[in-house]
Amino acid sequence: MNDLIHIDFETYSEVDLTKVGPWMYSIHPTTEVLWMAEWDSDISPVPQIFEGHDSDFGEQLILETVGDLLWMPARKKKKLGGWNIEFETCIIANTLGFGTDAIDYIQWEDSQAMAGAMALPQALAICGYALQIPKEKMKMAEGKSLISLLTRPQRITQKKWDENGYDLVEHYERLPHLDDGYYIYYRNRDPELIEQFGLYCAGDVEAEAYIHSQLRPLPERERQVWVQVQERNLAGMKIDLGLCKQAIKLYQRQKKIELSQIKEMTNLDNPNSRVQVKDWLERHGVHLPNLQKQTIEDILKTDQVKGEVRKVLELRHSSAKPPPTNFATMAMRTDKRDWRMRGALWYHRATTGREASVGVNWQNQYRPSMSDAEIVCQDIIKGDTEMLDLAYGGVM
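Engineer: I tried to follow the environment of Pro121 on my own but got confused; where do I start?
Structural biologist: Checked against the element boundaries, Pro121 lands in the loop between α5 (111-117) and α6 (124-130). In this structure, the C-alpha to C-alpha distance between Pro121 and Arg349, residues 228 residues apart in sequence, is 9.7 Å. Sequence-distant contacts of Pro121, defined by excluding residues within four places in its chain, comprise Trp83, Ala115, Ile126, Cys127 and Ala130.

In structure tokens form, the structure reads like this:
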């Protein structure tokens, strides 16, 4: 008897899953389930697929099927499984509307986690190749193209659109609210491709189920670790969105001020250009191999540069600091309803067994070096650049 029911969803959304993460993807109003595949080998010799695409009957069937999997006693005796089940659980909880109370990770198994624990690749297709599974059990090679065409908006330049008089026939739906003046956006609704996508979804489940049969189950103690990681991901962590947004704003404002100062002192067309700044320095007797951070820091430690040249180098060093991308990523991945960022950890991502960060690199964040970090945060939120300059030598 098989004790696992394998499931998979194929979806469409106007947001980028890789940028916002499964949680924010699943709560977005444009996210919808195109296909669901489910396979209980004790009931059916092949995966069952359900189409949710533009079909009230299909959507209802998917809801009833998921409800049965979650709560029907005869089926609840079995665990639910998939490849990277964080995506599936977010779709169930949010897109399908079952809520987080319906997600009990004790009831789930993740083939990706099992592969990671065996130091195998954590991409389904590559793991299949590594295990040398039979060719007929491999993921469909056309899957990448179908995902690209059907799961996200398509675009074409306005110029091409105008030149070709694009009508995009009946298989395409225009998305004018996404147009940006350069690109025209539309959605691919080709029924033949959508039908192929359903077969791909079924093939995905079949490949995952076969790979699962070749993997060792997680030891009970390790499985408890996996469950804890999933529960922490689902609970999320509080993010101060006000601080994130204000930090980005201060960075952008300060960079603009510093570049303006460089331009005023040098009369360069583009003070952000390395070539132009380097040429200006050479005309003033300073010959540097490059304008990298360490190079500028090294020469500023000497008395070789003075006056206006030193000031330009100091401004260049400050304005060239990388943007606070982690703040932007936090803002994108944080649910504005409760200010929590979910899905921040990846179980057994490193071959050593260590968790890895997703989206924001939490393991390599700077630790506060000042004792009054909370006061600094308040100054940032208030935009008090004078206090930041006075107490910490500048915004950057």
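Engineer: Would you take a moment to explain the sheet that holds strand β8 (residues 183-188) for this structure?
Structural biologist: The strand order across the open sheet formed by three strands is β6-β8-β7, and the pairing between neighbours is antiparallel. The open sheet is flanked by β6 (154-157) and β7 (172-174), the only strands paired with a single partner. Across the sheet, the mean angle from the axis of one strand to that of its neighbour is 35°, orientation sign disregarded.

Engineer: It is not clear to me how helix α16 (residues 373-382) should be interpreted in this structure. Could you clarify?
Structural biologist: Residues spaced three or four apart along an α-helix point in a common direction, a consequence of the helix completing one turn every 3.6 residues. Residues Val376, Asp379 and Ile380 constitute the buried set of α16. When α16 is viewed along its axis, its buried side chains cluster within an angular range of 100° and face the same direction. Of the exposed residues in α16, the ones pointing more than 90 degrees away from its buried face are Glu374, Ile375 and Lys382. Residue Gly383 follows α16 closely and has a positive phi angle near 70°.

Engineer: How do you make sense of the side chain of Asn233 when you look at a structure like this?
Structural biologist: Within the secondary structure, Asn233 is located in helix α10 (residues 220-235). Asn233 has contacts with Glu86, Arg342, Gly343, Ala344 and Leu345, leaving out every residue within four places of it along the chain.

Engineer: Hey, could you run me through the packing of aromatic side chains in this one?
Structural biologist: Here the distance between the centres and the angle between the planes together describe a pair of aromatic rings. One pass over the structure, following the stated rule, counts seven aromatic pairs. Between Phe197 and Tyr200, the ring centres sit 5.8 Å apart and the planes meet at 10°, which makes this aromatic pair stacked. Linking Phe197 with Tyr200, this pair stays in helix α9 (residues 191-214), spanning three residues, or about one helical turn. When its relative accessible area of 2% is taken as the criterion, Tyr200 is described as buried. An aromatic cluster is defined as three or more aromatic residues linked by ring pairs; in this entry it consists of Tyr182, Tyr183 and Tyr185. Positioned above the aromatic ring of Trp161, the side-chain terminus of Arg174 is 4.9 Å from the ring centre. Cation over ring: Arg187 sits above Tyr12, and NZ or CZ is 3.7 Å from the ring centre.

The rules behind the values
- Residues numbered from 1 in each chain as written.
- Predicted model: local features only at pLDDT ≥ 70, side-chain atom pairs only at ≥ 80, totals over all residues.
- Heavy atoms only, no water.
- Helix = DSSP H or I, 4+ residues; strand = E, 2+ residues; numbered from the N terminus.
- Contact = heavy atoms within 4.5 Å.
- Pairing = 2+ DSSP bridges.
- Axes fitted to C-alpha atoms, helices over the stretch in contact; angles between N-to-C directions.
- Buried < 20%, exposed > 50% of the residue type's maximum accessible area, 1.4 Å probe, protein only.
- Arc of directions from axis to C-beta.
- Phe/Tyr/Trp six-rings, centres within 6.5 Å; stacked < 30°, edge-to-face > 60°.
- Lys NZ or Arg CZ within 6 Å of the ring centre and 35° of its normal.

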